[in-house]
Amino acid sequence: METLTSTRTAATADSYRPALHYTAKDTWLNDPNGLIFHDGLYHLYYQNNPLGNTWGNMSWGHATSADLLTWTEHPVAIACDEDEDIFSGSVVYDRHNTSGFGSGSAAPLVAIYTSAFKTGSLHEGVQAQSLAYSLDGGYAWTKHAGNPVLSRGSAEFRDPKVFRYDGGTQGYWVMVAVEATDFQVVLYKSEDLKNWELLSTFGPANATGGVWECPDLFPLPVDGDPENLKWVLTVNLNPGGPNNGSAGQYFIGDFDGTTFTSASTVTEGTQDPGRLGEYRWLDWGRDYYAAVSFGDAPGNRRLMVGWMNNWEYANDIPTAPWRSPMSLVREMSLQAKAGDLCLVQQPAGDLTVLAGPESFSLSAETIDAGVQVLAGAAGTVQRIDVSFTPGSAEEFGLILRGDGTKGTRVGIRPGLATLFVDRRESGRTDFHPSFGSIDTAPIVAANGCYHLTVFVDHCSVEVFAQDGQVTMTELIFPAGTSNELAVFATGGTATINSMRVAQLA
Ligand code: FRU
């Protein structure tokens with residue numbers, strides 16, 4: 001097995017290269033694909049251009065990790081050819097060899113991916129679902145001779161996520177995929193991963209401003225109670241997110257093995273941007289897209305990763321030779337709150353690394369109007385935990401990766417009940433007119449306080465607010481020397497109840 005790079009050790013190569021997030025060494029990536037835990041390793045496949053750092057030549061790149069923070073890049077897993085691009089999809093461990101791809105005692109890993117058929121190919125103009133299998137634990141892949149295995153004759157049928165459904169007496173495979181321009185999730189069933197039968201469809205519902213892509217469907221216990229399972233359907237949408245461009249929405253409901261029934265549908269499907277705040281978003285930031293979950297994660301954990309970029313400016317972000325990081329891996333849970341169910345997210349990587357050595361702390365400190373740089377708190381890869389109580393200020397918060405006056409503002413407007421990330425002065429914004437934005441999310445005070453956990457990593461900010469009930473993920477491109485951390489208040493004062501800063505690299 002050839003090892004190309006480990007991103008944590010390559011982290012100092014340029015000032016935007018993340019230390020804690022996966023990037024390909026010197027190529028383009030987009031959606032995470034085929035996420036699976038197998039033989040002690042997390043496998044991350046992903047949409048990859050092996051030949052460049054803009055979108056094209058779509059193939060599945062491959063990386064593995066034991067701790068979800070340190071990733072090793074491997075050679076391309078499934079490559080495009082003259083007939084097809086290899087679009088997004090998933091991988092399952094076919095432990096009972098239902099597909100027949102196994103050999104001797106080796107059960108196969110099976111990839112279910114979208115063949116985006118090229119001009120001049122037999123299926124020109126069609127997107128259909130195809131299979132490849134691996135008998136060496138996910139490194140070498142063979143395409144199935146009978147591809148594609150599922151076609152609807154559609155040009156927009158893609159992104160199959162397959163899982164094993166074990167309800168009732170007999171289990172079977174379930175595929176969720178999309179008819180992207182119909183805003184529809186389509187559900188299929190199979191005994192052998194080769195023959196598929198339509199179960200049901202879901203949608204249009206809630207946000208339908210763009211195309212629907214990369215769905216996922218999984219059960220979660222409510223408040224950790226295995227007797228009380230709810231199903232979560234996630235659907236990525238591009239454009240049409242709450243702060244423009246790409247984003248992921250989700251629905252909570254039930255799945256009976258045939259049909260997903262949503263209890264969180266607000267509208268039949270609307271393009272009215274005025275309603276976006278009513279829907280449930282996986283992340284309110286501009287750079288968390290195509291999120292899907294790992295199969296077979298230990299301890300039944302539901303771990304998700306998103307592509308940390310936005311199709312609005314994805315090909316323009318100023319990094320080289322690589323382009324686009326993945327988000328931190330997140331653990332999902334469902335909590336009952338005030339008569340409603342809330343999807344909660346926490347970073348899932350090794351917490352002894354993510355807690356970091358503490359470098360700075362504060363307690364019971366008033367922030368006066370203006371900006372106060374925190375001596376001793378500077379850094380470029382940090383975890384910041386802070387709890388605020390509002391005072392007379394109309395807004396207050398943190399300035400990250402600052403240079404005295406400018407930086408990325410992460411703050412609260414208590415009067416408007418919003419969390420915001422303002423990256424207008426975050427560093428380089430000139431590469432795309434829409435990048436320098438102020439983005440907002442609704443936030444509710446808990447006992448009068450706002451608690452933020454913020455991960456800063458060279459070119460990104462990930463905010464987990466109110467213990468993971470609201471998240472905002474955004475790219476930033478500050479100068480490598482902009483490393484100050486400051487607090488600010490506008491038009492009055494606010495109080496920091498507690499603050500802890502850890503340096504993570
Ligand atoms: C989402 C997406 C998928 C598609 C892939 C192609 O970002 O458009 O729908 O499979 O990217 O790279």
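Nothing here was measured: the structure is a model prediction, and the numbers come from that model.

Scanning all chains against the criterion turns up 3 cavities of 30 Å³ or more. Size it by volume and the largest cavity reaches roughly 100 Å³. Pro 32, Gly 89, Pro 160, Lys 161 and Val 292 are the residues nearest the centre of the largest cavity, which is lined by 14 residues in total. Going through the elements one at a time, strand 2 (28-38), strand 6 (84-93), strand 10 (157-165), strand 14 (211-222) and strand 18 (289-293) are the ones with two or more residues in the lining of the largest cavity. Sort the elements by how many residues they give to the lining of the largest cavity and strand 2 lands first, with 4 residues. Grouping the constituent residues of the lining of the largest cavity by class yields 6 nonpolar, 6 polar and 2 charged. Considering only enclosed or pocket space, the second largest cavity measures out at about 40 Å³ in volume. For the second largest cavity, the full set of lining residues is Leu 20, His 21, Tyr 22, Leu 44, Leu 68, Trp 71, Val 305, Met 326, Ser 327, Leu 328 and Val 329.

On to the sheet that holds strand 22 (residues 358-367), then. Hydrogen bonds between backbone atoms are what pair the strands of a sheet, whose relative direction is either parallel or antiparallel. What the 6 strands build is an open sheet, ordered 22-33-24-29-30-31; its pairing is antiparallel. The open sheet has two edge strands with one neighbour each: strand 22 and strand 31 (470-475). The mean inter-strand angle of the sheet, taken between neighbouring strand axes irrespective of direction, is 15°. Relative to strand 33 (residues 494-503), strand 22 is paired through 8 bridges, and the arrangement is antiparallel. If you follow Ser 361 over to strand 33, its bridge partner there is Arg 500.

Further remarks concern the pattern of salt bridges. Within the structure shown, the criterion is met by 23 salt bridges. The partner of Glu 395 in a salt bridge is Arg 413, with the nearest N and O atoms 2.6 Å apart. Of the two residues, Glu 395 sits in strand 25 (residues 395-402) while Arg 413 sits in strand 26 (residues 408-413), which places them 18 residues apart along the sequence. When sorted by exposure, Glu 395 lands in the same class as Arg 413, which is buried. Members of the salt-bridge network, linked through shared partners, are Asp 81, Glu 84 and Lys 143.

Criteria and cut-off values
- Residues numbered from 1 in each chain as written.
- Predicted model: local features only at pLDDT ≥ 70, side-chain atom pairs only at ≥ 80, totals over all residues.
- Heavy atoms only, no water.
- 1 Å grid on protein atoms, 1.4 Å probe; cavity = no way out; pocket = protein on both sides within 12 Å on 5 of 7 lines; lining within 4 Å.
- Points joined across faces, edges and corners; volume = space filled by probe spheres on them.
- Helix = DSSP H or I, 4+ residues; strand = E, 2+ residues; numbered from the N terminus.
- Nonpolar A, V, L, I, M, F, W, Y, C, P; charged D, E, K, R; others polar.
- Pairing = 2+ DSSP bridges.
- Axes fitted to C-alpha atoms, helices over the stretch in contact; angles between N-to-C directions.
- Salt bridge = Lys/Arg side-chain N within 4 Å of Asp/Glu carboxyl O.
- Buried < 20%, exposed > 50% of the residue type's maximum accessible area, 1.4 Å probe, protein only.

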